[in-house]
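Inside the fold
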Amino acid sequence: MRIKGIASDTLIFILETSKSTAPQEFAGLLQEKDGIITEVLILPGTESSEQNAVIKLFMMPNVKAVGSIHSHPGPNHEPSQADLHMFSKTGNCHIIVGYPYDRQSWTCYDTEGNVRELQVIDEKFEDFE
Ligand code: ZN
């Protein structure tokens with residue numbers, strides 16, 4: 001499935017959760033509907049160390065996800081070596097959020113850690129569940 005973008009509500013949820021969790025990190029898996037990321041599966045009990053958050057993402061092999069999201073406690077949204085390793089295992093759309101957790105405070109990377117475009121989509125979607 002080609003990812004067209006992320007729903008703005010989902011992005012706002014990610015930014016607000018990252019902000020309220022900081023300086024602890026927050027991590028989750030991204031799920032899509034019709035090519036648009038609309039769901040974040042939050043990892044229970046994500047711990048404060050970057051390594052723990054990333055390792056916990058590895059431990060969810062049976063969850064179908066198009067990528068991942070995690071926050072950094074500082075303004076840097078560059079992937080670490082552990083991040084890059086995790087990117088190679090799950091999906092092709094990996095968001096890293098950094099301080100101050102506003103609409104410009106995130107970057108999306110592909111499996112190899114290259115910056116990729118991710119459109120923010122403002123439409124409202126019906127929930128079929
Ligand atoms: Zn990281």
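To be clear, the structure that these remarks concern was listed above.
Residues numbered from 1 in each chain as written. Predicted model: local features only at pLDDT ≥ 70, side-chain atom pairs only at ≥ 80, totals over all residues. Heavy atoms only, no water.

1. A look at the sheet that holds strand 6 (residues 106-109)
As a general point, the strands of a sheet are linked pairwise by backbone hydrogen bonds and lie either parallel or antiparallel. Quick note on the threshold: Between any two strands, at least two bridges found by DSSP are needed for them to pair. A helix here means a DSSP run of H or I that spans at least four residues, while a strand means a run of E at least two residues long, and both kinds are numbered starting from the N terminus. Interaxial angle, 0 to 180 degrees, is taken between N-to-C directions of lines fitted to C-alpha atoms, where a helix line uses only the stretch in contact.
Spatially, 7 strands are ordered 6-5-4-2-3-1-7 in an open sheet, and the strand pairing comes out mixed. Each edge of the sheet is formed by a strand with only one pairing partner; in this case those strands are strand 6 and strand 7 (119-121). If you compare each strand with its neighbour and ignore which way they point, the axes differ by 35 degrees on average. Where strand 1 (residues 5-7) lies against strand 7, 3 bridges are found, and the strand directions are parallel.

2. Points about the side chain of threonine 10
The condition that has to hold: When a residue's accessible area, from a 1.4 Å probe over protein chains only, is under 20% of the maximum for its type it is buried; when over 50% it is exposed; and in between it is partly exposed. Definition of a polar contact: a pair of N or O atoms within 3.5 Å, with one able to donate and the other able to accept a hydrogen when the atoms are protein atoms, and with sequence-neighbouring residues admitted only if both atoms are side-chain atoms. Whether two residues are in contact is decided by their heavy atoms: any pair within 4.5 Å suffices.
The residue threonine 10 is located in helix 1 (residues 8-21) in this model. Given a relative accessible area of 7%, threonine 10 falls into the buried group. A distance of 3.2 Å separates the side chain of threonine 10 from the backbone oxygen of threonine 38, its partner in a polar contact. Beyond its immediate stretch of four places on either side in the chain, threonine 10 contacts Ile37, Thr38, Glu39 and Val40.

3. Section: the pairing of strand 2 (residues 27-33)
Two strands pair when backbone bridges link them, and strand 2 and strand 4 (residues 67-71) are joined in this way by 4 bridges, in the antiparallel orientation. Residue leucine 29 lies in a different strand from strand 4, and its bridge partner there is serine 68. By the bridge criterion, 6 bridges tie strand 2 to strand 3 (residues 36-42) in an arrangement that is antiparallel. Bridge assignment links glutamate 32 to a residue of strand 3, and that residue is isoleucine 37. Connecting strand 2 to the next strand, strand 3, in antiparallel fashion are 2 residues, including aspartate 34 with a positive phi near 55 degrees.

4. Here we look at unusual backbone geometry
Note that the residue after alanine 22, namely proline 23, is joined by a cis bond; omega there is 5 degrees. On the secondary structure map, proline 23 appears in the loop between helix 1 and strand 2. Residues other than glycine seldom take positive phi values, yet tyrosine 101 does so here, at roughly 65 degrees. By the element assignment, tyrosine 101 lies in the loop between strand 5 (93-97) and strand 6. With a relative accessible area of 7%, tyrosine 101 lands in the buried category.

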